[in-house]
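Coordinate analysis (summary)
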Amino acid sequence: MSIDIATRGTALHVTDSIEQRQCVLRMPEPAATEPIDGNRFYFPVDAAARIDTQSVTLGSYVATFVRDGQGDVVAQMDRTDELDLEPGEYLIELEQPVKLYVRIEGSLSVETNGMTTTVRTQGDLFVAGRSRHNHPAGTITTTEDPREMMRAVSAMSSSLKTTSVERSYPTLRGHPPEIELGDELDIPDGMAAADAGVRIEVPPDLRYVYPVAPLAFYLGAEVVPGSVPRLVGEDGFSYRLDGADGFEDTVAQTLKQTLLFDCVARTEGFYAVDLAERADVDALVDLDWADLYGRSLSARLDAYLSIPYERIADCVPEWKTAGYVAPDPENAELLPYLIDDLATIKTPAGEATTAEQVQTDSLFDFARSGASTPSPNAVTGPTRSATRATGRAQAPQGPLPDLVEPEPTGAFETVWADDGVPVGATKASIDGYRNGLEHTPSEEIGVTVVVNDEGMTDEGDVAQEVYGDDAEFPFDLRVYRNLTTDRLKAVLETEREFLHYVGHIEADGFECTDGRLDARELDFVGIDAFFLNGCASYDQGMALLENGAVGGVVTLTEVVNSGATRVGQAMVKLLNHGFPLQSALSVASKQSFVGGQYSVVGDGDVDIVQGQGIGAMLTEIEEKEERYEVSVRAYPDSDLDVGSMASLSIGDDSRQHLVPGRIGKVVYENRERLLQAVDGDLTKYAGSIQWSNDLDL
């Protein structure tokens, strides 16, 4: 069992040992727990217990739903709210990194004040948790034949937990089965398409099969051969997928529009929330959501797709992942991981570039962002190459990877599954994804910091000070300096959650006090995730993935030490705040003129510590004419995917918003009110990432 419920003094800990997530509820006094059957809860749970207390407090405000004994919503709590109900059976649903439920048998009082959520009763109180662990249910084997590949892709939707509009909730989609190439097609029993009454017809060519895979998964559609790309359903419904914007764009737009409208329609069902996007969409279209909620998928699609995409495009939430996937058979094994993110998929599009051009573009992009231009001395300062510690960054020794700049996608993360090394995108690695499935849970989060150069101690000092300073889950930080090759080898082979490496790197290895250690010669890598903040660390990063790691951040060229230090310090703050690798890099890379020279390899969803809630939140503050414009940007993580919701933690807007993306905007004219509103937040102000208590407005 992955969920453990236990008390420690006046704290009640609900812990997910697999995902290394923990929720803490405070009680007025120590209390005993008694395990009970989870059947008392309306929803499926992994563990449940009776708590000998009449009050529990969660140290934050989160989306809170109160249901009666039949599962019907009787209240949705605002940030500052009070609720008192007569004795009965109630279920309080709390959105936390561990899905948390509190069951009350008796009177119920719920109070939220914007900072905490307190549940009280004069009766019995029970707590239950459900893991958000998302794991493939099995493996489908397919040949390289496109027709058999179609059948394998069709079976991906077997992981859907519903074919109603509620599948727009990420937790109700499930991780698709793995795909492996083999000598014959083998689809295990129970892994058929969801049979939602629709099919997708495309020519039997991987150039068509891969792009429709996420749409087929989401709709529960069967993919079958056809001369014209189209979506076909019941009662004569048919929709061409080769519209004016071309096949791939039409497929992506169909997926986005369907999910958006499902999110609106679901407000008529189990979660009758006040969704901001419903008002936005209702101002543009005339659809009867209550009627559509109960209609067949074909009927809903017929109504949805009668609306031109251009009309509602601005209402679509920012997409988490876009994949550039070459139509090669071996890339079929990547599909389940991209589909799990509901990624849009296209054939690769980009231009070849050089290390010198990447460095130049990075500098110009930094200047165009409004940041102060670095001095000539900074740009030509010492680098993190072992062979050229001074002078302007150049190409490192040894063969350079073939760099490619993908066309922009507008998604938070662009995944590149083709030849070449992508600039500003994630290099896909089936090794990394599969290594993540084999993660062995531990009782504490292990973070290792290695500083292998005396001239780079600033970054190491910040890492040592910040990592784990406010972690709910048990944390073990180890810091090493000036390691030999043997000692660094031992560090890389030790099972740890994260490695932050600061030092010189060349294509043929990590620079140590007695020579270089080449990760390609290791038999085993024990670290899950890594940040290799040295010059041109791509090759060494890929070697770590091939030998056991899950994902990491690397550099593509030589990086100037002063710029690399700024990126490194920002990464420390973001990772320690619960940001996953990709989201952290997307923010940290804008902190320095070398930021464009970093990329993610492997699984960019890997995080180090648990955030304060669902998603990675950054409060952005912009000063304009003696007033402050404040918005919250929700970055995706393993718990927050397209279809998720969040509400503003500032201002008076209590509505739910679709995320990831920017949530609303609040204007403050009073500095003190602003500082009070953002107290405790990680902020971005004047281009700098800092905690709210460090703001100098």
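Residues numbered from 1 in each chain as written. Predicted model: local features only at pLDDT ≥ 70, side-chain atom pairs only at ≥ 80, totals over all residues. Heavy atoms only, no water.

Things to note about the confidence of the model for the protein
Across the protein, pLDDT averages 89, with 94% of residues at or above 70. Predicted confidence for residues 388–396 stays below pLDDT 50, and this span has 30 contacts to residues more than four positions away or in other chains. (pLDDT = per-residue confidence, 0-100. Contact = heavy atoms within 4.5 Å.)

Considerations on the sheet that holds strand β16 (residues 222–225)
If you walk across this open sheet you meet the four strands as β16-β15-β17-β18, and the pairing is mixed. For this open sheet the edge positions go to β16 and β18 (238–240), each flanked by a neighbour on one side alone. On average, each strand axis in the sheet is inclined to that of its neighbour by 25°, with strand direction left out of account. Two elements, strand β15 (residues 199–202) and strand β17 (residues 230–232), share three bridges in a ladder whose sense is antiparallel. (Pairing = 2+ DSSP bridges. Helix = DSSP H or I, 4+ residues; strand = E, 2+ residues; numbered from the N terminus. Axes fitted to C-alpha atoms, helices over the stretch in contact; angles between N-to-C directions.)

Digging into the pairing of strand β11 (residues 117–120)
Of the pairings in the sheet, the one linking strand β6 (residues 55–58) to β11 comprises four bridges and is antiparallel in character. Looking at β11, one finds that S55 is bridged to R120. Looking at chain direction, strand β10 (residues 99–113) and β11 are connected through four bridges and run antiparallel. Across the sheet, T112 pairs through a bridge with T117, a residue of β11. Linkage of β10 to β11, two consecutive antiparallel strands, is achieved through a turn of three residues, within which G114 is found at a positive phi near 90°.

Let's talk about a negative patch on the surface
On the surface, a cluster of negative charge is made up of E144, D328, E330, D402 and D419. You can see E330 is positioned in the loop between β19 (321–325) and α8 (335–340). (Patch = residues over 30% accessible without salt bridge, like charges linked within 9 Å, V, L, I, M, F, W, Y side chains within 5 Å. Areas by Shrake-Rupley, 256 points an atom, 1.4 Å probe, with all protein chains shown as cover. Salt bridge = Lys/Arg side-chain N within 4 Å of Asp/Glu carboxyl O. Lys, Arg positive; Asp, Glu negative; His and termini not counted. Charge placed at Lys NZ, Arg CZ, Asp CG, Glu CD.)

Examining helix α15 (residues 561–576)
The first and last C-alpha atoms of α15 sit 22 Å apart over 16 residues, in line with the 22 Å expected at 1.5 Å per residue. Burial of α15 is extensive: twelve of the 16 residues sit out of reach of the surface. Of all the positions in α15, only N561, G563, A564, T565, V567, G568, A570, M571, V572, L574, L575 and N576 are classed as buried. (Expected span 1.5 Å × (residues − 1). Buried < 20%, exposed > 50% of the residue type's maximum accessible area, 1.4 Å probe, protein only.)

Examining the nonpolar core
Membership of the largest hydrophobic core comes to 89 residues, with the highest contact counts inside it found for F41, I200, Y210, L219, F261, W289 and Y304. Among the elements that line this core, the one with the most residues is helix α2 (residues 206–219), at ten residues. Counting residues in each nonpolar core, the second largest holds 46 residues, with A584, L585, I608 and A616 among its members. (Core = buried A, V, L, I, M, F, W, Y, C linked by side-chain atoms within 4.5 Å.)

With respect to the environment of V264
Considering the arrangement of structural elements, one finds V264 in helix α3 (residues 247–265). When the C-alpha atoms of V264 and A75 are compared, they prove to be 19 Å apart, with 189 residues separating the residues in sequence. In this structure V264 touches L275, E277, R278, V281 and W289, once residues within four positions along its chain are discounted.

Here we look at unusual backbone geometry
In this model, V659 is joined to P660 through a cis peptide bond whose omega is 10°. In this structure, D195 takes a positive phi of about 60° despite not being glycine. Following the sequence through the fold, D195 ends up in the loop between β14 (178–181) and β15. Its relative accessible area of 68% is what places D195 among the exposed residues.

Side note on the pattern of salt bridges
Counted by the stated rule, this structure contains 35 salt bridges. A salt bridge links K320 to D341; the nearest nitrogen and oxygen atoms lie 3.2 Å apart. Of this pair, K320 sits in the loop between α7 (309–312) and β19 while D341 sits in the loop between α8 and β20 (344–346), and the two are 21 residues apart along the sequence. Residue K320 shares its accessibility class with D341, and that shared class is buried. Across the pair E622 and K624 runs a salt bridge, and its minimum N-O distance is 3.9 Å. Exposure remark for E622: the relative accessible area of 44% places this residue in the partly exposed category. With a relative accessible area of 34%, K624 lands in the partly exposed category. One salt-bridge network, held together by shared partners, links E622, K624, R627, E629 and K665.

Regarding the sheet that holds strand β24 (residues 421–422)
With mixed pairing, the three strands of this open sheet are ordered in space as β21-β22-β24. Of all strands in the sheet, those with a lone pairing partner are β21 (350–353) and β24, marking the two edges. Here β21 pairs with strand β22 (residues 403–406) via four bridges, running antiparallel. The residue bridging A352 from the neighbouring strand is V404, located in β22.

Regarding the packing of aromatic side chains
For the structure shown, the criterion picks out twelve aromatic pairs. Between F531 and Y598, the aromatic rings sit 6.1 Å apart at their centres with planes inclined by 45°, giving tilted as the arrangement. Taken together, the positions of F531 in strand β32 (residues 527–533) and Y598 in strand β34 (residues 598–602) put the pair 67 residues apart, joining distant regions of the chain. Like Y598, F531 is buried. Three or more aromatic residues joined by ring pairs form one cluster here, namely F261, W289 and Y304. For R67, the ring lying beneath its charged end belongs to F270, and the centroid distance is 4.2 Å. A cation over an aromatic ring shows up here: R167 above the ring of Y218, its NZ or CZ 4.7 Å from the ring centre. (Phe/Tyr/Trp six-rings, centres within 6.5 Å; stacked < 30°, edge-to-face > 60°. Lys NZ or Arg CZ within 6 Å of the ring centre and 35° of its normal.)

Notes on α3
Taking 1.5 Å of rise per residue, the 19 residues of α3 would be expected to cover 27 Å, and the 27 Å separating its terminal C-alpha atoms lies within 8% of that figure. The buried fraction of α3 amounts to 18 of the 19 residues, a majority that puts the element mostly inside the structure.

Brief notes about the environment of T457
Here T457 is to be found in helix α12 (residues 457–466). Along the sequence, T457 and N435 sit 22 residues apart, while their C-alpha atoms lie 32 Å from each other. Leaving out residues up to four positions away in the same chain, T457 has contacts with V451 and R481.

So, the packing of α12 against α15
Interaxial distance between α12 and α15 falls to 9 Å at its minimum, and their mutual angle equals 10°. Taken together, the axis directions place α12 and α15 in an arrangement best described as roughly parallel. Here D458, E459, V462, A463 and V466 of α12 lie close against α15, whose contacting residues are A564, T565, G568, Q569, V572, K573 and N576. Of the residues belonging to the contact of α12 with α15, the class tally is five nonpolar, four polar and three charged. (Parallel < 35°, antiparallel > 145°, perpendicular 65-115°, else oblique. Nonpolar A, V, L, I, M, F, W, Y, C, P; charged D, E, K, R; others polar.)

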